[in-house]
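The residues making up each chain are set out below.
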Amino acid sequence: MIRRHLAPPKKWEDKFEELEVYKCKHGNCNNPQKEGQLGRWVKSRRQANKKGQEGQVADWNERRRKLDELKFAWSVKGTNKSVNKKNSNDKKWNAKFNELEEYKK
């Protein structure tokens, strides 16, 4: 049995537009679940995709394309840790490079 929609089209479009605004403001689509309805909507998109439920929506391919174009992260597990570690490593590398530059003078 195929369900027509997990979320009514208008509601889905409204949340998608909120996500576009969030991305413009924050540079990503990783709205935390604890930050209200949009965060819960983002989490539910990821969960439904992971469970294969979004495929039950008649216009899922179009919705997926729109989210992909927005660079929606389908999985964010450990994202902040890896970004923080990379930034930390970059700072250490730059500090050592600057030391080398000073030594060469």
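Shown above is the structure to which this text applies.
The notes below deal with the structure included here. (Residues numbered from 1 in each chain as written. Predicted model: local features only at pLDDT ≥ 70, side-chain atom pairs only at ≥ 80, totals over all residues. Heavy atoms only, no water.)

**As for the overall build of the protein chain**
Secondary structure summary: the protein chain contains 4 helices and 0 strands in total. When its helices and strands are written in sequence order, the protein chain yields α-α-α-α. Counting the 105 residues in the protein chain, one finds 22% classified as buried. Surface summary for the protein chain: the accessible area is close to 8100 Å², and the carbon and sulfur share equals 51%. (Helix = DSSP H or I, 4+ residues; strand = E, 2+ residues; numbered from the N terminus. Buried < 20%, exposed > 50% of the residue type's maximum accessible area, 1.4 Å probe, protein only. Areas by Shrake-Rupley, 256 points an atom, 1.4 Å probe, with all protein chains shown as cover.)

**Here we look at helix 2 (residues 37-51)**
In this model helix 2 runs 21 Å from its N-terminal to its C-terminal C-alpha over 15 residues, within 8% of the 21 Å that 1.5 Å per residue would give. When helix 2 is considered as a whole, its buried residues turn out to be L38, G39, W41, V42, R45, R46 and A48. Immediately beyond the C-terminal end of helix 2, within one or two residues, lies G52, with a positive phi of roughly 80°. (Expected span 1.5 Å × (residues − 1).)

**Regarding the pattern of salt bridges**
As enumerated under the stated definition, the model contains 6 salt bridges in all. Ionic pairing is found between K66 and E13, a salt bridge with its closest N-O pair at 2.9 Å. Here the residue K66 occupies a position in helix 3 (residues 60-69), and E13 occupies one in helix 1 (residues 9-26), the gap between them amounting to 53 residues. Relative accessible area serves as the criterion here: at 29%, E13 is assigned to the partly exposed category. The partner of E69 in a salt bridge is R65, with the nearest N and O atoms 2.5 Å apart. Taken together, the residues span about one helical turn, with E69 and R65 both in helix 3 at a distance of 4 residues. Each member of the salt-bridge network shares a partner with another, and the members are E62, R65 and E69. (Salt bridge = Lys/Arg side-chain N within 4 Å of Asp/Glu carboxyl O.)

**Notes on the layout of surface pockets**
Roughly 210 Å³ of volume is contained in the second largest pocket. Considering the residues around the second largest pocket, the lining is formed by K43, R46, Q47, N49, K50, W74, S75, V76 and K77. (1 Å grid on protein atoms, 1.4 Å probe; cavity = no way out; pocket = protein on both sides within 12 Å on 5 of 7 lines; lining within 4 Å. Points joined across faces, edges and corners; volume = space filled by probe spheres on them.)

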